[in-house]
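Analysis of the macromolecular model
Residues per chain, in single letters:
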Amino acid sequence: MTPDHPQKRDSKISEMQKIEDHLIKRFANVKRRLQYETPWFDHTTPYADLESKIRETILFYENRGFYLFQEPKLEHEPVNKRFRIHLTFRPTESNQ
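The structure contained in this document is the topic of the report that follows.

Parameters at a glance
- Residues numbered from 1 in each chain as written.
- Predicted model: local features only at pLDDT ≥ 70, side-chain atom pairs only at ≥ 80, totals over all residues.
- Heavy atoms only, no water.
- Helix = DSSP H or I, 4+ residues; strand = E, 2+ residues; numbered from the N terminus.
- Buried < 20%, exposed > 50% of the residue type's maximum accessible area, 1.4 Å probe, protein only.
- Contact = heavy atoms within 4.5 Å.
- Areas by Shrake-Rupley, 256 points an atom, 1.4 Å probe, with all protein chains shown as cover.
- Core = buried A, V, L, I, M, F, W, Y, C linked by side-chain atoms within 4.5 Å.
- Phe/Tyr/Trp six-rings, centres within 6.5 Å; stacked < 30°, edge-to-face > 60°.

Before going further, it helps to spend a moment on the overall build of the chain. When its secondary structure is counted, the chain shows 2 helices and 5 strands. In the chain, the succession of α and β elements from N to C terminus is α-β-β-α-β-β-β. Across the 96 residues of the chain, 20% fall into the buried class. If you take every contact in the chain between residues at least 6 apart in sequence, the share linking residues at least 24 apart comes to 69%. Only carbon and sulfur atoms are counted for the fraction: they give 55% of the accessible area of the chain, which is about 7,700 Å².

This is how it looks when you write it as structure tokens:
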């Protein structure tokens, strides 16, 4: 059994990189993401109040062919005693 030539190995690596690039472009393209920011909440707002509002937002976008793509992110402004939540959605495959 003979080892691959460096050019042949580099060619295989290059081809695999092209495939990965196409997959990312097709299925994880930033341009196909939808960003939603909740209104600002007072930092003392209980989770129970947030849960229903976030759930309603997620269902709103799901009904329009999007799904929650990333974990929600919290943006906190301690000086202003407030926070908001960022939600990232992507279109479903049937919503292309």
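Here we come to the nonpolar core. Core analysis: the biggest nonpolar cluster contains 10 residues, these being Phe41, Leu50, Ile54, Ile58, Tyr61, Phe66, Phe83, Ile85, Leu87 and Phe89. In this view, isoleucine 54 contacts Ile85 and Leu87; residues no more than four positions away in its chain are not counted.

In this section: the environment of serine 94. For serine 94, the position within the fold is in the segment after strand S5 (82–91). Distance in space between the C-alpha atoms of serine 94 and glycine 65 is 7.5 Å, their sequence separation being 29 residues.

Our focus in this paragraph is the packing of aromatic side chains. Summed over all chains, the structure comprises 6 aromatic pairs. Aromatic side chains tyrosine 61 and phenylalanine 66 sit 6.4 Å apart centroid to centroid with 90° between the ring planes, which places their arrangement in the edge-to-face category. With respect to class, tyrosine 61 is no different from phenylalanine 66; both count as buried. Judged by centre distance (6.3 Å) and plane angle (70°), the ring pair of tyrosine 67 and phenylalanine 69 falls under edge-to-face. A relative accessible area of 33% places tyrosine 67 in the partly exposed class. Grouping aromatic residues by their ring pairs yields a cluster made of Tyr36, Phe60, Tyr61, Phe66 and Phe89.

Honestly, it's all geometry; don't read function into it.
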